[in-house]
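# Report on the structure
Here are the chains, one letter per residue:
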Amino acid sequence: MSLINTEIKPFKATAFKGGKFIDVSDADLKGKWSVVFFYPADFTFVCPTELEDLADNYGEFQKLGVEIYSVSTDTHFCHKAWHDTSPAIGKIGYTMVGDPTATICRNFEILIEEKGLADRGTFVVDPDGKIQIIEITAGGIGRDARELLRKVKAAQYVASHPGEVCPAKWEEGEKTLAPSLDLVGKI
């Protein structure tokens, strides 16, 4: 079953952000746009390149009113240790959520049960707490923060412009489509 347009399930967790441990719950994702960015594990290979890419683009997400939550089954203590020892992870200003019980991973149906690790999955959640975008890649395939930014802008545009949709490769400021009988067979 697809999670698109479903409301996120309740969770509570401890996270690392800004040099502190903080409590995070599903309520924190509501009222604004959020990206929940699952990755397999701290101290690995592809993961730090993705998380650094997000850190490098975090300001652009914030300009859009989007908060980022990275999630793995590591603890918040592990996130802090990684943040303090890795130059790439040391750049992170967004929330790094610990999910050692895999509750959040299970809620988003992203857990690899036999390994106890998250798949490489991205979820964009709208202010109502509903999932609007899902992207899942194999473990060896890293994601691109700039492409995620483009998708978030498209999701925000569609949400604020009922009756319009964004075509492939849509970039902010470009033409959109208004689905109608007149367009059938003409695109």
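Look above for the structure.
The notes below deal with the structure included here. (Residues numbered from 1 in each chain as written. Predicted model: local features only at pLDDT ≥ 70, side-chain atom pairs only at ≥ 80, totals over all residues. Heavy atoms only, no water.)

## Looking at the state of the cysteines
Summed over all chains, the structure comprises zero disulfides. Here Cys-78 is not cross-linked by a disulfide; its sulfur's nearest cysteine counterpart is in Cys-47, at 11 Å. Taking the relative accessible area as the measure of exposure, Cys-78 reaches 22% and is therefore partly exposed. The thiol of Cys-105 is unpaired, and the distance to the nearest cysteine sulfur, on Cys-47, comes to 12 Å. Using a relative accessible area of 0% as the deciding quantity, one classes Cys-105 as buried. (Disulfide = S-S within 2.5 Å. Buried < 20%, exposed > 50% of the residue type's maximum accessible area, 1.4 Å probe, protein only.)

## Here's the deal with the nonpolar core
Val-35, Leu-51, Leu-54, Phe-61 and Tyr-94 are the most contacted members of the largest nonpolar core, which totals 25 residues. The leading source of residues in this core is helix 2 (residues 46–63), at six residues. Contact partners of Phe-61, with chain neighbours within four places excluded, come to Val-35, Leu-54, Val-66, Ile-68, Ala-145, Leu-148, Leu-149 and Val-152. One finds Ala-15, Val-24, Val-71 and Ile-104 within the second-largest nonpolar core, a separate group that totals 22 residues. (Core = buried A, V, L, I, M, F, W, Y, C linked by side-chain atoms within 4.5 Å. Helix = DSSP H or I, 4+ residues; strand = E, 2+ residues; numbered from the N terminus. Contact = heavy atoms within 4.5 Å.)

## Focus: the pattern of salt bridges
If you walk through the whole model with that rule in mind, you get 13 salt bridges. Put simply, Glu-67 and Lys-17 hold a salt bridge, and the shortest N to O gap is 3.7 Å. In this pair, Glu-67 sits in strand 4 (residues 66–72) while Lys-17 sits in strand 1 (residues 12–17), placing the two residues 50 residues apart along the sequence. Across the salt bridge formed by Glu-172 and Lys-153, the nearest N and O atoms sit 3.5 Å from each other. Taken together, the residues span a long stretch of sequence, with Glu-172 in the segment after helix 5 (145–160) and Lys-153 in helix 5 at a distance of 19 residues. Overall, Glu-172 belongs to the exposed group, its relative accessible area being 54%. Given the relative accessible area of 25%, Lys-153 is considered partly exposed. Among the charged side chains, a network of salt bridges with common partners joins Glu-7, Asp-26 and Lys-30. (Salt bridge = Lys/Arg side-chain N within 4 Å of Asp/Glu carboxyl O.)

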